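Listed below are the residues making up each chain.
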Amino acid sequence: MTATGDDIHVELDDKLLEQLAGIICGGDDSPVYRTGWQIKTLFETAGWRRVGDVDGGRRDWVTDLLRQHRRDSDGLHRLLLRLADPREYLENDDDRIAVVTELNTLLALDGYQIVYTGSRPELITQAPSMNRPAMRTPVELTADLTTIVSDPRFGQQLRHRLAEAHTCWQSGACLAAVIMLGSTLEGVLYDVALARHTTGPRPSDHLDELIRLAERQRWIGQDLIDYLKVLRNHRNLIHPKKQWTQQYTIEDDTVRIAWNVVVAAINDLHQLPRPAPPRPTAPRPAGRPGPTPSPRGRQPQT
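### With respect to the overall build of the protein chain
Part 1 of the argument: Helix and strand content of the protein chain: 12 helices and 3 strands.
Part 2 of the argument: Counting all 302 residues of the protein chain, 42% fall into the buried class.
Part 3 of the argument: Across the protein chain, contacts joining residues at least 24 apart in sequence account for 62% of those joining residues at least 6 apart.
Part 4 of the argument: Looking at the protein chain as shown, the accessible area adds up to about 17,500 Å², and 49% of this sits on carbon and sulfur atoms.

As structure tokens, then:
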């Protein structure tokens, strides 16, 4: 059973509070680094009063503060929402995606998750879970790609591409594996989008737009969407200049998460009802020919 709303009781294990402090502070193992005054501002913006200045090590100070408020459900609730608020990341929304991805990985252990209603974050409860993309054990592909896409031969090609991604991963070619995973997801999503397209412009074949479409249509679980947006950024490292400017290195843990996310997303897509076949065009009744087009530049005679 999933619960939502401001009345959710928030209580986190001490070990999770320590990890939450790491996400708040940032550093080598977290995407966003916050200075002492930025940490103080974050807490104050979340409605925490008289927190004082950061004294000593940032992470120790934040951990102590969180432990002092471990029973303050409202305060923890507001802090989690502020940590996921897009207004904290106006200069780089990719930072928000990375933070929320890490945050949801942590919160899942105590049965919470950050989701979005419009542009505002919301905290929901669910059964505590270890079955999430960041776990060590690879997610098992239960879907048949040849039945998800419209052409079984295309499904076979995508299945081979997924197998190649796994081979790259096991061989230590981490960047190649992530690029292959991103391209496999793009192919599946684009075919699914085309099969369900009825009116308006054709769907874009860009992975970013396809992920947003899957989010709007709820084809894929919300717990995977933010991970997929991170994968989209990693897939773009196929451009050498982008990787050089970002100074980013893909490692084994990154590929493990990317693999689990892509396979879990494909499994979700496999659960979608099959789209209705297009309705055949009714034949024109005999003896009633269609209108004859007028010669260019002349009006039909009346």
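The structure having been displayed, the exposition proceeds.
### Some words on the packing of helix α1 (residues 14–25) against helix α5 (residues 93–107)
Part 1 of the argument: Where α1 contacts α5, the axes come no closer than 10 Å and their chain directions differ by 175°. Considered as vectors, α1 and α5 are oriented roughly antiparallel to each other. Here α1 contributes Leu16, Gln19, Leu20 and Ile23 to the contact with α5, which in turn contributes Val99, Glu102, Leu103 and Leu106.
Part 2 of the argument: Grouping the constituent residues of the contact of α1 with α5 by class yields 6 nonpolar, 1 polar and 1 charged.

### Observations regarding helix α4 (residues 73–83)
Part 1 of the argument: The element α4 is extensively covered by neighbouring structure, given that 9 of its 11 residues are classed as buried.
Part 2 of the argument: Packed against the buried residues of α4 are α1, α2 (36–45), α3 (58–68), α5, β2 (112–117) and β3 (120–125).

### Observations concerning helix α8 (residues 174–195)
Part 1 of the argument: Taking 1.5 Å of rise per residue, the 22 residues of α8 would be expected to cover 32 Å, and the 32 Å separating its terminal C-alpha atoms lies within 8% of that figure.
Part 2 of the argument: Along α8, 16 of the 22 residues are buried, which leaves the element largely enclosed by surrounding structure.

### Observations regarding the confidence of the model for the protein chain
Part 1 of the argument: When pLDDT is averaged across the protein chain, the result is 82; 82% of the residues are at 70 or more.
Part 2 of the argument: Note that pLDDT drops below 50 for residues 294–302; the model gives that stretch 1 contact with residues more than four away or on any other chain.

### Let's talk about the pairing of β2
Part 1 of the argument: Burial runs high along β2: 5 of the 6 residues are buried.
Part 2 of the argument: Taken together, the 6 bridges between β2 and β3 define a ladder with antiparallel strand orientation. For Val115, the partnering residue across the bridge sits in β3 and is Glu122.
Part 3 of the argument: Connecting β2 to the next strand, β3, in antiparallel fashion are 2 residues, including Gly118 with a positive phi near 65°.

### A few points about the packing of aromatic side chains
Part 1 of the argument: By the definition in use, this model includes 3 aromatic pairs.
Part 2 of the argument: Taken together, Phe43, Trp48 and Trp61 form an aromatic cluster joined through their ring pairs.
Part 3 of the argument: Arg96 extends its terminal NZ or CZ atom over the ring of Tyr116, reaching a point 4.9 Å from the ring centre.

### A word on the pattern of salt bridges
Once the charged atoms of two side chains with opposite charge are near each other, the side chains can pair.
Part 1 of the argument: Applying the stated criterion to the full structure yields 13 salt bridges.
Part 2 of the argument: With its nearest N and O atoms 3.7 Å apart, the salt bridge here joins Arg82 to Asp85. Accessibility assignment for this pair places Arg82 and Asp85 in one class, buried.
Part 3 of the argument: A salt bridge links Arg87 to Asp85, with the nearest nitrogen and oxygen atoms 2.7 Å apart.
Part 4 of the argument: Connected through salt bridges with shared partners, the residues Arg82, Asp85, Arg87 and Glu88 form a single ionic network.

### Quick notes on the packing of helix α9 (residues 207–217) against helix α10 (residues 222–235)
Part 1 of the argument: Remark: α9 packs on α10, axes separated minimally by 10 Å, with the N-to-C direction vectors making an angle of 175°. On the basis of the axis angle, α9 is roughly antiparallel to α10. Listed contacts from α10 to Leu207, Asp208, Ile211 and Glu215 of α9 are Gln222, Ile225, Leu228, Lys229, Arg232 and Arg235.
Part 2 of the argument: Within the contact of α9 with α10, the residues separate by chemical class into 4 nonpolar, 1 polar and 5 charged.

### Structural notes on the nonpolar core
Part 1 of the argument: One finds Leu189, Trp219, Ile220, Leu228 and Leu269 to be the most contacted residues of the largest nonpolar core, which totals 44 residues.
Part 2 of the argument: Put simply, the parts of the chain that give this core at least two residues each are α6 (145–148), α7 (152–170), α8, α9, α10 and α12 (252–270).
Part 3 of the argument: Grouped together as the second largest cluster of nonpolar side chains are 37 residues, Ala21, Ile39, Trp61 and Val62 included.

Rules used throughout
- Residues numbered from 1 in each chain as written.
- Predicted model: local features only at pLDDT ≥ 70, side-chain atom pairs only at ≥ 80, totals over all residues.
- Heavy atoms only, no water.
- Helix = DSSP H or I, 4+ residues; strand = E, 2+ residues; numbered from the N terminus.
- Buried < 20%, exposed > 50% of the residue type's maximum accessible area, 1.4 Å probe, protein only.
- Contact = heavy atoms within 4.5 Å.
- Areas by Shrake-Rupley, 256 points an atom, 1.4 Å probe, with all protein chains shown as cover.
- Axes fitted to C-alpha atoms, helices over the stretch in contact; angles between N-to-C directions.
- Parallel < 35°, antiparallel > 145°, perpendicular 65-115°, else oblique.
- Nonpolar A, V, L, I, M, F, W, Y, C, P; charged D, E, K, R; others polar.
- Expected span 1.5 Å × (residues − 1).
- pLDDT = per-residue confidence, 0-100.
- Pairing = 2+ DSSP bridges.
- Phe/Tyr/Trp six-rings, centres within 6.5 Å; stacked < 30°, edge-to-face > 60°.
- Lys NZ or Arg CZ within 6 Å of the ring centre and 35° of its normal.
- Salt bridge = Lys/Arg side-chain N within 4 Å of Asp/Glu carboxyl O.
- Core = buried A, V, L, I, M, F, W, Y, C linked by side-chain atoms within 4.5 Å.

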